[in-house]
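Residues per chain, in single letters:
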Amino acid sequence: MRTKIAILLLPILFFMSVPPDAVAVNKNDRTYDVIIVGAGIAGLTAAFSLTEYDLLLLEKEKQVGGRATSGQYQGISYARGTEYLGKPEAPLAGIISTLGLTLREIPAPADIIFHRGKMFPGDYGKARLMIDKSSLGEFNRFAEKILAAYEDYDDLPDTVLRGKLQRLDTITARQWFAENRFAPIYSELYNVTFRGLFGANIDEISALSALPELAFDFEGFERIDEDDDLAEEFTDDRNSTGMYSFDRGIAEIPLAIANHLGNRLRTGTMVTAVERTRDLFAVSCTQADNTRITYRAKAVILATPSAITLTIAGEALSVEQRKILASVSYAPYATIALFSEVPIFNQGFDLAVPDGLLFTDIYDATWIARHFKAKLTTQQTWVTLLYAAPVSYRNMALLTMPDQELMSTVRTQLDYILPGSSGFIKKWKITRFRYGYPVMTPGSYQRMTRLQAITDGGLYLAGDYLVYPTFGCCLIRPTCSRQGGRMV
Ligand SMILES: Cc1cc2nc3c(=O)[nH]c(=O)nc-3n(C[C@H](O)[C@H](O)[C@H](O)COP(=O)(O)OP(=O)(O)OC[C@H]3O[C@@H](n4cnc5c(N)ncnc54)[C@H](O)[C@@H]3O)c2cc1C
């Protein structure tokens, strides 16, 4: 799912009005209305929405963006994490327009499936492959089942967990495929899709969390009859891919928000502890030059992965909050940028490879820029991205495998998909993520609903693990509050 924007709880105004007390801090320090920890998209958008308050956003890295940063190679920007979005809705659409960013719909073919030596481009290619490996009747049944199940779905916290949806939260995606007796090709194709999108496999994620991604693939689907021309049914493929980014990648959004925030953002500042002292919070940090500082705030938003939130603010959280945070597991992940003087893959934006390889997708990092900027069409530099997902989120090998070993596997597997292409690699850059994706295991919607309901007392949680593991879903819309009707 790349389109939905969820609402997080942020009833902080109430806490901004409490009087300061005597927290031990640097003499010249002041009491901020709100301190936000973590300048990933969740923390940045929280700050963007609260700029009329006295706020500080603290980020441990030198750059902002968290899992949505870009690298640079000879003037070419390439994604190191987040690659694309669905069509942005409010509030993301508003942020993009306020910041004057130029959104690009990714030109077709945005998705190509590689299966047994052949390429199947776009929705048409995917349908062709599924129908060939099952039947038209089976394909229709698969699509209709997904759309029927998705009908009542909404993002957290709006999902009403009852009836069918509640049950789908308790079973794995594999169980749902099996009880519907879908032909093996469906679980085969979607297992690798889920590994790529969630860093976890079909036996690990809940059926409910798989649903938005499945439904995204069948948006606007209408039953196909035997005498219909299949290619005709997918003419939209050429006009609209429903996938979006920017010339310099998704990182344009975090960078533009950071620019907008100016000196309210402090990078290179690692928060080591958040403590409650009566009505205020003390936020202790280590700065880039290794000096320590403690800030004081009336409210704190923790927009860090759950494990980090637990470590730095454990004492300030309730027993139940700690218990739920500790139950969130993260999949490791790695992306590998390959630099070459000739193209390695340039027939589309994303090539999905068969299951069982180290990587699940091959992206042409120059696809958007080449399409929209004529000057890049005769370029001498190409950047190809491999997205490496674990076979199971419990397998941490991606984090510990030495670079040379990882690259040796990459070269062998790349040649299997695109023969001879490993010889084109001139340089490479590996980015590893310990907290790649929060895994939506069975029961996660129920746990997250509960976690959101018990967030109060001036200490707030934000981030994709509370909603859904995509860029657009962890945006905060601070005009909504569920607690006591307090609005910010
Ligand atoms: C490889 C990869 C590809 C992806 N591709 C897509 C995609 O194509 N489309 C999509 O929609 N989603 C994608 N996602 C998911 C998406 O990137 C995330 O859901 C989203 O970026 C999470 O944002 P966040 O703000 O919750 O967390 P993060 O981006 O992780 O931000 C947390 C921030 O907190 C900072 N921090 C941590 N500890 C501290 C501390 N102690 N003090 C101060 N700061 C701290 C971190 O440095 C980081 O900047 C991808 C994820 C990965 C890993």
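Refer to the structure above for everything that follows.
Asks: With reference to specific residues and values, describe the site of the ligand.
Replies: With respect to spatial proximity, 36 residues lie near the ligand, and among them E59, R67, T82, Y84 and D464 are the closest. One of the side-chain N or O atoms of R67 is found 2.8 Å from an oxygen atom in the ligand. Protein coverage of the free-state accessible area of the ligand, which is 1000 Å², stands at 96%. Put simply, the parts of the chain that give the shell around the ligand at least two residues each are helix 2 (41-49), strand 10 (269-277), strand 13 (330-340) and strand 17 (425-438). Grouping the constituent residues of the shell around the ligand by class yields 17 nonpolar, 12 polar and seven charged. Taken domain by domain, the makeup of the shell around the ligand includes at least three residues from each of domain 1 (13-69 + 251-329 + 440-474) and domain 3 (331-437).

Asks: For the side chain of R104, give the residues involved together with the corresponding values.
Replies: When you line up the elements, R104 lands in strand 5 (residues 104-105). Note on R104: relative accessible area 19%, which makes it buried. Apart from residues no more than four positions distant in its own chain, R104 is found in contact with M243, Y244, S245, F246, D247, I368 and F372.

Asks: Would you mind going over the packing of helix 2 against helix 12 (residues 252-261) in detail, with residue names and values included?
Replies: What describes two packed helices is the angle between their axes and the distance between those same axes. Direction vectors running N to C along helix 2 and helix 12 enclose 40 degrees, while the axes themselves pass 10 Å from each other. Both helix 2 and helix 12 take part in a crossing whose hand is left-handed. Listed contacts from helix 12 to I41, L44, T45, A47 and F48 of helix 2 are I253, P254, I257, A258, H260 and L261. Looking at the contact of helix 2 with helix 12 residue by residue, the classes come out as nine nonpolar, two polar and no charged.

Asks: An account of the environment of G242 is needed here, citing residue identities and associated values.
Replies: Positionally, G242 belongs in the loop between helix 11 (236-239) and strand 8 (244-245). Distance in space between the C-alpha atoms of G242 and L85 is 8.4 Å, their sequence separation being 157 residues. When sequence neighbours within four positions are dropped, the list of residues in contact with G242 reads L85, G86, K87, E105 and F216.

Asks: Please set out the pattern of salt bridges residue by residue, giving values where relevant.
Replies: Between side chains of opposite charge, a pair can form when the charged atoms approach closely. A complete count under the given rule lists 16 salt bridges for this structure. Taking the shortest distance from any N to any O, the salt bridge between D203 and R174 comes out at 3.0 Å. Linking D203 in the loop between helix 8 (184-198) and helix 9 (207-217) with R174 in helix 7 (residues 173-179), this pair joins segments that are 29 residues apart in sequence. Given the relative accessible area of 34%, R174 is considered partly exposed. One salt bridge connects D403 with R432, and the closest N-O pair in it is separated by 2.4 Å. Of this pair, D403 sits in helix 17 (residues 403-417) while R432 sits in strand 17, placing them 29 residues apart in sequence. R432 gets classed as partly exposed once you look at its relative accessible area, which sits at 26%.

Asks: Run through a negative patch on the surface, naming residues and quoting values.
Replies: Side chains of E222, D225, E226, D227, D229, E232 and E233 sit close together on the surface and give a patch of like negative charge. Tracing the chain through its elements places E232 in helix 10 (residues 230-233).

Asks: Account for the environment of S327, naming residues and giving values.
Replies: Positionally, S327 belongs in the loop between helix 14 (319-326) and strand 13. Classification of S327 by relative accessible area gives partly exposed; the value is 31%. Between the C-alpha atoms of S327 and A307, which are 20 residues apart in sequence, the distance is 9.3 Å. For S327, the side chain forms a polar contact with the main-chain oxygen of I324, separated by 2.6 Å.

Asks: Describe the nonpolar core, and please don't skip the residues or the numbers.
Replies: F142 and W176 are the most contacted members of the largest nonpolar core, which has 105 residues in total. With 37 residues, the next largest nonpolar core counts A68, A256, L261 and I301 among its residues.

Asks: I'd love a proper account of the packing of aromatic side chains, names of residues and values included.
Replies: Here the structure, examined in full by the defined rule, presents 27 aromatic pairs. Centre to centre, the rings of F218 and F221 are 6.1 Å apart; their planes meet at 80 degrees, and the pair counts as edge-to-face. As far as the burial class goes, F218 and F221 line up, both buried. When the ring of Y330 is compared with that of Y435, the centres are 5.1 Å apart and the planes differ by 85 degrees; the resulting orientation is edge-to-face. On the criterion of sequence distance, the pair formed by Y330 in strand 13 and Y435 in strand 17 is long-range, its members being 105 residues apart. A residue is classified by how much of its surface remains accessible, and Y330, at 3% relative accessible area, is buried. The exposure class of Y435 is partly exposed, given its relative accessible area of 25%. An aromatic cluster is present here, built from F139, F142, W176, F177, F182, Y186, Y190, F194, F198, F218, F221 and Y468 joined pairwise through their rings.

Analysis parameters
Residues numbered from 1 in each chain as written. Predicted model: local features only at pLDDT ≥ 70, side-chain atom pairs only at ≥ 80, totals over all residues. Heavy atoms only, no water. Near = heavy atom within 4 Å. Polar contact = N/O pair within 3.5 Å; in protein donor to acceptor, adjacent residues only side chain to side chain. Areas by Shrake-Rupley, 256 points an atom, 1.4 Å probe, with all protein chains shown as cover. Helix = DSSP H or I, 4+ residues; strand = E, 2+ residues; numbered from the N terminus. Nonpolar A, V, L, I, M, F, W, Y, C, P; charged D, E, K, R; others polar. Domains from an automatic or database assignment. Buried < 20%, exposed > 50% of the residue type's maximum accessible area, 1.4 Å probe, protein only. Contact = heavy atoms within 4.5 Å. Axes fitted to C-alpha atoms, helices over the stretch in contact; angles between N-to-C directions. Left-handed = near helix turned anticlockwise from the far one by under 90°. Salt bridge = Lys/Arg side-chain N within 4 Å of Asp/Glu carboxyl O. Patch = residues over 30% accessible without salt bridge, like charges linked within 9 Å, V, L, I, M, F, W, Y side chains within 5 Å. Lys, Arg positive; Asp, Glu negative; His and termini not counted. Charge placed at Lys NZ, Arg CZ, Asp CG, Glu CD. Core = buried A, V, L, I, M, F, W, Y, C linked by side-chain atoms within 4.5 Å. Phe/Tyr/Trp six-rings, centres within 6.5 Å; stacked < 30°, edge-to-face > 60°.

Everything listed is a geometric property; what it means functionally is a separate question.
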